[in-house]
Each structure stands twice: as C-alpha cells, then as structure tokens.
Amino acid sequence: MVIALRLKNFYSLKEYATLDFTADINQRNNKDNLPQNLIDFSGEKYVNIIGVFGSNAAGKSNIIRALDFCRNLILYSHLNNVETEFEFSTFKFEDNQISEFYIDFVSGGIEYEYGFTIDNQQIIKEELYYYPKKRKAKIFVREGSTYSYGKGLITRPGAVEASTGPRTLFLSQATAMNRQLAQEIYGFFSQKIIIGVGEMNMSSITPKEFEDYKDVILTALNVGDSDIVNIRLVTDAEGRNKLYTYHKEDPSIEFDFDTEESDGTKRLFFILFRLLKSAFSGATIFLDEFDLKLHLRLSEFILDFVRATHAAQLVFTSHNAALMSSENLRPEQIVLVNKESNGNSDFFAVSDFKGVDSKMDIQKAYLQGRFDAVPYIGSSYNIVEKFIANSNGKKI
C-alpha cells in the first residue's frame with residue numbers, strides 16, 4: 001500500500017507533485033463518507049483510489065511517467081555502467097538538474113520511507129527508513145560516496161557499497177547481491193507498483209487465469225450494455241492464445257476478439273485482467289487515461305472493482321468530470337492539475353480548498369472553474385465562427 005508519493009523536477013513537475021493517500025477524516029461531513037473507499041492500517045485511514053483530473057497538456061500523465069522512470073531505476077540500475085545516461089527530462093524552463101523521488105509505503109505490515117535525489121549523471125542521495133513500533137529508524141543513508149547504516153539490517157553493507165557505482169541505486173545493487181531486506185523492498189516495487197496495462201495481447205494469459213476471471217469479464221461487459229454473452233480462449237499446438245466472443249443475437253456464431261471487437265471492449269478486457277492479476281495482493285495500480293474508449297458505467301465498474309478488493313489501490317488520470325461525482329470519490333481522492341504560467345504542473349487535492357466537503361457538487365464547481373484546473377469555460381461558437389469567416393473572406 002502506498003501512503004504518499006512525491007516527485008520533483010521530472011518533465012513538467014518543477015515543484016513537488018504529491019499524491020497523498022491519507023484520508024481526510026477531520027471534517028465532520030467527510031469522516032464517514034464512502035467508507036468503502038478507505039483502507040485501515042495501524043489505526044489510520046487511507047484512500048484506495050485517487051483520480052487525477054485537468055485540462056489537456058496540464059501534466060497529468062507526467063506524474064505517472066516520472067514514477068515509471070523511478071521504478072525502473074530501482075529495478076534495473078544495478079545493470080548500469082559508467083556511460084549510462086538517465087533517460088528522463090528535467091523541467092526545461094529552469095536550469096535545475098536536481099530531481100527528487102520519495103515514497104512512503106507499507107510492505108509486509110511495515111511502513112517504510114524510501115527516496116533518492118539524482119541529476120542527469122549520478123545518484124546524489126539515497127535513503128531508506130522504516131517504522132518499527134511506530135518510531136522512525138534508519139536502514140541506510142547515502143550522501144554522495146558517504147554511507148551510514150542502521151545496525152544489523154543490511155548484511156555486509158560494505159561489500160554492497162563497494163559494488164555500487166555513481167549511477168546505481170544502493171537498493172538495486174543490494175538486491176542483486178541477495179541482501180534479504182533489500183529484496184523485500186525491491187519486491188514491493190516489482191510486484192506491488194503496477195504501471196499501465198502492459199502489452200495488450202493474449203500471450204501472458206494462462207487458460208486457468210482465463211477461466212478464473214471469465215465471469216467477472218462477462219459481468220463487466222453486461223454492465224456496459226455489451227451484447228457479448230460468452231467468451232472462449234483457445235490455445236493452439238504452438239501455445240498461442242486466441243480469444244473468441246459470442247453475441248446474444250446468435251450465440252453459435254464466433255467472432256475473432258482481435259479483429260472483430262471494438263477497441264473499447266479490448267481495452268476493458270486487458271484492464272480487468274491487469275486488475276485481477278494484481279489487485280488482490282494489495283498492489284497499487286497507475287493507469288493513464290484509464291477510461292479511454294470506455295463508457296462511464298464501465299469506468300465506474302472498474303472503480304467498484306477496486307473498492308471491492310478491500311486491498312488494492314488505483315491512481316488514474318482522466319478528462320471525464322463525471323467521475324468526480326461525490327458518489328464515486330471523496331474530496332481528497334480528487335486531485336486536480338493546473339499548468340502554471342511558468343510551465344509547472346501544479347497538483348492539488350480538492351480537499352485543500354476551504355468549504356469543500358462531501359455535500360458539495362464537486363463536478364459542477366470544477367466545470368465552473370472554481371478550482372482553476374479546467375480548460376476554457378463557455379461557448380467557443382463565436383470564436384470559431386469568426387475564424388471561419390476570416391478564413392473564407394466572408395461572414396457565415
């Protein structure tokens with residue numbers, strides 16, 4: 001479970017972009033709102049879904065792009081050599097090459113804090129803490145070439161340190177050298193942080209998984225008013241999977257899923273498979289424009305699915321203001337992104353505004369521009385009419 005995520009100086013994120021999963025239970029009208037959207041850990045409440053909304057090019061996707069880069073650095077930087085360059089862009093409108101990543105998370109029932117600071121050539125700082133008995137304790141801290149360690153937590157840390165280059169995270173190298181605690185943390189990032197739906201093909205689906213998940217897929221299709229009444233997975237002699245669908249008009253006629261079903265149906269299928277394969281383990285799933293080509297009812301079905309697991313978390317970006325309904329999300333679960341005049345993408349939760357609670361029509365307030373994260377408000381007809389008239393040299 002993720003408690004908080006913070007990134008700085010990645011792409012359009014000049015200042016800290018923060019996703020905080022801490023539930024806002026201080027306001028009387030919000031305390032008991034949508035209890036199915038809350039996860040309890042150690043007596044504290046955290047939300048299971050965060051929706052990120054904003055206009056086109058505001059920078060919604062960049063927080064997921066930045067997280068994807070940081071996750072890959074954790075998983076693979078032990079393979080880096082002295083000539084490796086980090087493949088991401090810093091904020092282009094200011095000459096600041098220092099980027100920061102921080103995450104507060106729970107793994108195996110223990111809370112950890114992990115973070116690192118980098119420029120485009122090296123690791124500047126890296127640190128890992130944990131909370132035994134709710135008190136913060138150091139596992140390791142790296143500042144340049146200087147390391148310090150909590151007692152007895154990393155086996156033979158000096159050997160790992162000696163093998164860790166300037167472009168390699170200590171956590172990644174310690175995992176490669178079979179240090180148990182490092183492997184546990186590494187496992188969280190490899191198995192519990194899921195970004196995107198992966199390659200949308202049938203090769204990664206086993207027949208057993210298909211049979212286990214088939215009923216949920218059909219239920220989702222029914223919710224979306226699809227006329228598909230059955231689906232069948234066939235594996236050929238070479239181990240290749242092929243999916244066929246059958247429609248209520250004539251269930252005896254077979255349709256090729258790859259070539260004869262809509263893009264929306266295919267996207268829903270793979271999103272649900274991604275959720276089903278990871279959600280029950282308590283994974284946090286990050287999906288950019290997750291509702292692309294999906295009907296609103298199907299998008300809401302996916303949110304309900306996450307809630308029903310009582311373990312998974314979902315972070316999604318979307319342009320669909322209808323998902324801001326107070327029937328779907330608590331105010332602190334709605335994060336808005338506004339592109340500032342200096343080019344920075346400013347992330348802020350609706351709950352940060354005074355007077356916002358579960359009784360407010362947040363969707364209406366957003367579309368009215370009250371939160372300063374909505375595109376042009378009002379009719380564009382007169383603007384377009386004038387443009388066309390000027391282009392044609394005459395009035396329409």
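The preceding data block contains the structure.
A.B. asks: Pulling in residues and values, what's your account of the overall build of the protein?
C.D. replies: The number of helices and strands found in the protein is 10 helices and 18 strands. The C-alpha atoms of the protein give 24 Å as radius of gyration, which agrees with the globular expectation for 396 residues (21 Å, within 12%). In terms of principal-axis extent, the alpha carbons of the protein reach across some 70 × 60 × 50 Å. Residue burial in the protein is summarised as follows: out of 396 residues, 50% are buried. For the protein, contacts bridging at least 24 residues in sequence account for 59% of all contacts bridging at least 6. Accessible surface computed for the protein: about 19,600 Å², of which carbon and sulfur atoms make up 47%.

A.B. asks: Summarise the pattern of salt bridges; cite the residues concerned and give the values.
C.D. replies: For the structure shown, the criterion picks out 16 salt bridges. Residue lysine 14 is joined to glutamate 15 by a salt bridge in which the shortest nitrogen-to-oxygen separation is 2.5 Å. Taking the shortest distance from any N to any O, the salt bridge between arginine 330 and glutamate 332 comes out at 2.8 Å. Where salt bridges share partners, they join Asp236, Glu238 and Arg240 into one cluster.

A.B. asks: Quick rundown of empty space enclosed by the protein? Include the residues and the values.
C.D. replies: As enumerated under the stated definition, the model contains two cavities of 30 Å³ or more in all. Roughly 50 Å³ of internal volume is contained in the largest cavity. Taken together, Ile217, Leu221, Ile228, Ile231, Thr245, Phe257, Thr265, Leu268, Phe269 and Leu272 make up the lining of the largest cavity. For the lining of the largest cavity, the secondary-structure elements that each account for two or more residues are α5 (207-223), β12 (228-235) and α7 (263-278). At four residues, the largest contribution of residues to the lining of the largest cavity is made by α7. Approximately 30 Å³ is the volume found for the second largest cavity.

A.B. asks: Tell me about the environment of leucine 367, and name the residues and values.
C.D. replies: Along the polypeptide, leucine 367 turns up in helix α9 (residues 362-367). Judged by its relative accessible area of 43%, leucine 367 is partly exposed. Each C-alpha atom of the pair leucine 367 and alanine 321 lies 7.8 Å from the other, and the pair is 46 residues apart in sequence.

A.B. asks: Pulling in residues and values, what's your account of the environment of tyrosine 244?
C.D. replies: Within the secondary structure, tyrosine 244 sits in strand β13 (residues 241-247). Discounting chain neighbours no more than four positions away, the residues touching tyrosine 244 are Asn230, Ile231, Arg232, Val234, Glu254, Phe255 and Asp256.

A.B. asks: Could you give an account of the nonpolar core, with specific residues and numbers?
C.D. replies: Leu7, Leu19, Phe101, Ile103, Tyr114, Phe116 and Phe189 are the most contacted members of the largest nonpolar core, which totals 65 residues. Considering each element in turn, this core owes the most residues, nine residues, to helix α1 (residues 60-76). Excluding residues that lie within four positions of it along the chain, leucine 19 makes contacts with Ile3, Ala4, Leu5, Ile50, Val52, Ile63, Phe286, Val315 and Val335. Leu233, Phe290, Phe301 and Leu329 belong to the second largest nonpolar core, which has 55 residues in total.

A.B. asks: Residues and numbers for the packing of α1 against helix α4 (residues 180-192), please.
C.D. replies: Two elements in contact, α1 and α4, have axes separated by 10 Å at closest approach and are oriented at 135°. If you check the angle between α1 and α4, you find them oblique. Viewed along their axes, α1 and α4 form a crossing whose handedness is left-handed. Facing α1, whose interface residues are Arg71, Ile74 and Leu75, α4 presents Tyr186, Phe189 and Ser190. Of the residues that constitute the contact of α1 with α4, the class distribution is four nonpolar, one polar and one charged.

A.B. asks: A description of the sheet that holds strand β18 (residues 345-349) should follow, citing residues and the corresponding values.
C.D. replies: Strand order in this open sheet of six strands is β11-β15-β16-β5-β17-β18, and the pairing throughout is mixed. The two strands at the open ends of the sheet, each matched to only one other strand, are β11 (193-195) and β18. Averaged over all pairs of adjacent strands, the angle between strand axes in this sheet comes to 20°, irrespective of strand direction. With three bridges connecting them, β11 and strand β15 (residues 284-287) associate as parallel partners. Following the sheet pairing, isoleucine 195 is matched in β15 by phenylalanine 286. Seen against the sheet, α1 touches β5 (49-54), β11, β15, β16 (313-318), β17 (334-339) and β18 and runs at an angle of roughly 125° to β11. Here helix α8 (residues 296-309) sits on the sheet in contact with β5 and β16, set at roughly 160° to β16.

A.B. asks: Can you lay out the environment of glutamine 313 for me, pointing to particular residues and giving the numbers?
C.D. replies: Mapped onto the elements, glutamine 313 comes out in strand β16. The exposure class of glutamine 313 is buried, given its relative accessible area of 0%. Polar side-chain contacts of glutamine 313 include one of 2.7 Å to the backbone nitrogen of valine 2.

Conventions used here
Residues numbered from 1 in each chain as written. Predicted model: local features only at pLDDT ≥ 70, side-chain atom pairs only at ≥ 80, totals over all residues. Heavy atoms only, no water. Helix = DSSP H or I, 4+ residues; strand = E, 2+ residues; numbered from the N terminus. Rg over C-alpha atoms; globule rule 2.2 N^0.38 Å. Buried < 20%, exposed > 50% of the residue type's maximum accessible area, 1.4 Å probe, protein only. Contact = heavy atoms within 4.5 Å. Areas by Shrake-Rupley, 256 points an atom, 1.4 Å probe, with all protein chains shown as cover. Salt bridge = Lys/Arg side-chain N within 4 Å of Asp/Glu carboxyl O. 1 Å grid on protein atoms, 1.4 Å probe; cavity = no way out; pocket = protein on both sides within 12 Å on 5 of 7 lines; lining within 4 Å. Points joined across faces, edges and corners; volume = space filled by probe spheres on them. Core = buried A, V, L, I, M, F, W, Y, C linked by side-chain atoms within 4.5 Å. Axes fitted to C-alpha atoms, helices over the stretch in contact; angles between N-to-C directions. Parallel < 35°, antiparallel > 145°, perpendicular 65-115°, else oblique. Left-handed = near helix turned anticlockwise from the far one by under 90°. Nonpolar A, V, L, I, M, F, W, Y, C, P; charged D, E, K, R; others polar. Pairing = 2+ DSSP bridges. Polar contact = N/O pair within 3.5 Å; in protein donor to acceptor, adjacent residues only side chain to side chain.

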